[in-house]
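The primary structure of each chain is shown beneath.
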Amino acid sequence: MHFRQFLHSEKGCISYAMGCPSQGVCAIIDPQGDPRFYVDHCEENAMVVKQVLETHAHADHFSCARRLAELTASPLYLGANAEVHYPFEPLADRQEFMFGRWRGEILHTPGHTPEHISILIEDWFLLTGDLLFVGDVGRIDLSLAALSRKQLEMRARIMYGSLQKLMTLPEWTEVYPGHYRGSVCGRGLDDKTVSTLGRERRLTPALGMSEAEFIEFQLTNLPPLPEDFHRIKQHNLGAALAAQTI
């Protein structure tokens, strides 16, 4: 197994490579920046990029997933509910996903966005995207359209259910999030970039809340919007491209 975590310090973001050197193939998850970086990394480790996955449509940084998929002639995968303006392969809840000879399971975990997924690999470690961080959980207000209080409450209720879904997994399951301290996608993120579900259950305040408490938590003391939020979100949804072609 080849598993690498890439830290992007400018905005506290994390991307991943999940590869199988014995088969010479690698998947890249939540890529950003220069797509050649991921191609070069795989080639340096005797692999080629064969799959590109996004846990969700990001709102705080420009994704290079589409460019990487085009550069490597790889399919681009997103959660089945993704409302983006470009082709992708949909991922269903509980779907098996093979990374070479390594088995993954797709978990539909909406709340941060409707299409958000987490990825459980070999029943051992979990890529949680912007749902669960080390010391914190994701936010529910990063939408291009203005959301009413009722809509925000619904999003928070959905995220609460997604977190409870993760909490059914064993305590020793390792957590690999999409952000660490420096990101505005949460409130109290830690500098650490890996944890376990047991550790987060004990030490992340939001995971000990009732549903009503969690909803109120998500609706108060919201962090500022990411810098250049609207342009980034439109780019990652393909909305700007769609507008140009109308």
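Residues numbered from 1 in each chain as written. Predicted model: local features only at pLDDT ≥ 70, side-chain atom pairs only at ≥ 80, totals over all residues. Heavy atoms only, no water.

Chemist: Even after reading the chapter, I still don't get the side chain of Lys233, so can you show me in this structure?
Modeler: Examined against the element boundaries, Lys233 turns out to sit in helix 6 (residues 229–237). Buried and unpaired, Lys233 has Glu115 as its nearest opposite-charge partner, separated by 5.5 Å. There is a polar contact of 3.1 Å between the side chain of Lys233 and the backbone oxygen of Ala57. Excluding residues within four positions of it along the chain, Lys233 makes contact with Ala57, His58, Ala59, Thr113, Leu142 and Leu144. (Helix = DSSP H or I, 4+ residues; strand = E, 2+ residues; numbered from the N terminus. Buried < 20%, exposed > 50% of the residue type's maximum accessible area, 1.4 Å probe, protein only. Lys, Arg positive; Asp, Glu negative; His and termini not counted. Salt bridge = Lys/Arg side-chain N within 4 Å of Asp/Glu carboxyl O. Polar contact = N/O pair within 3.5 Å; in protein donor to acceptor, adjacent residues only side chain to side chain. Contact = heavy atoms within 4.5 Å.)

Chemist: Any chance you could explain the environment of Tyr176 here in plain terms?
Modeler: Relative to the helices and strands, Tyr176 resides in strand 11 (residues 174–177). Spatially, the C-alpha atoms of Tyr176 and Phe133 are 7.7 Å apart, while their sequence positions differ by 43 residues.

Chemist: So what exactly am I meant to see when it comes to the pairing of strand 2 (residues 13–20) here?
Modeler: The side chains of a regular strand alternate between both faces of the sheet. The element strand 2 is largely enclosed, with a buried count of eight among its eight residues. Residues Cys13, Ser15, Ala17 and Gly19 line one face of strand 2 and the alternating positions Ile14, Tyr16, Met18 and Cys20 line the opposite face, and both faces are buried. Judged from the seven bridges that link them, strand 1 (residues 2–8) and strand 2 form a sheet pairing that is antiparallel. Residue Phe3 lies in a different strand from strand 2, and its bridge partner there is Met18. (Pairing = 2+ DSSP bridges.)

Chemist: How should the packing of aromatic side chains be read in this particular structure?
Modeler: How two aromatic rings sit relative to each other is set out by the distance from centre to centre and by the angle between their planes. Under the defined criterion, the tally for this structure stands at 13 aromatic pairs. Here Phe3 and Phe125 contribute two aromatic rings whose centre-to-centre distance is 4.7 Å and whose plane-to-plane angle is 55°, an arrangement assigned as tilted. Within this pair, whereas Phe3 is found in strand 1, its partner Phe125 is found in strand 10 (residues 125–129), the two being separated by 122 residues in sequence. Phe125 sits in the buried class, given a relative accessible area of 2%. Following the ring pairs from residue to residue traces out a cluster consisting of Phe3, Tyr16, Trp124, Phe125 and Tyr176. In this arrangement the basic side chain of Arg187 is found over the ring face of Phe217, its NZ or CZ atom lying 4.3 Å from the centre. (Phe/Tyr/Trp six-rings, centres within 6.5 Å; stacked < 30°, edge-to-face > 60°. Lys NZ or Arg CZ within 6 Å of the ring centre and 35° of its normal.)

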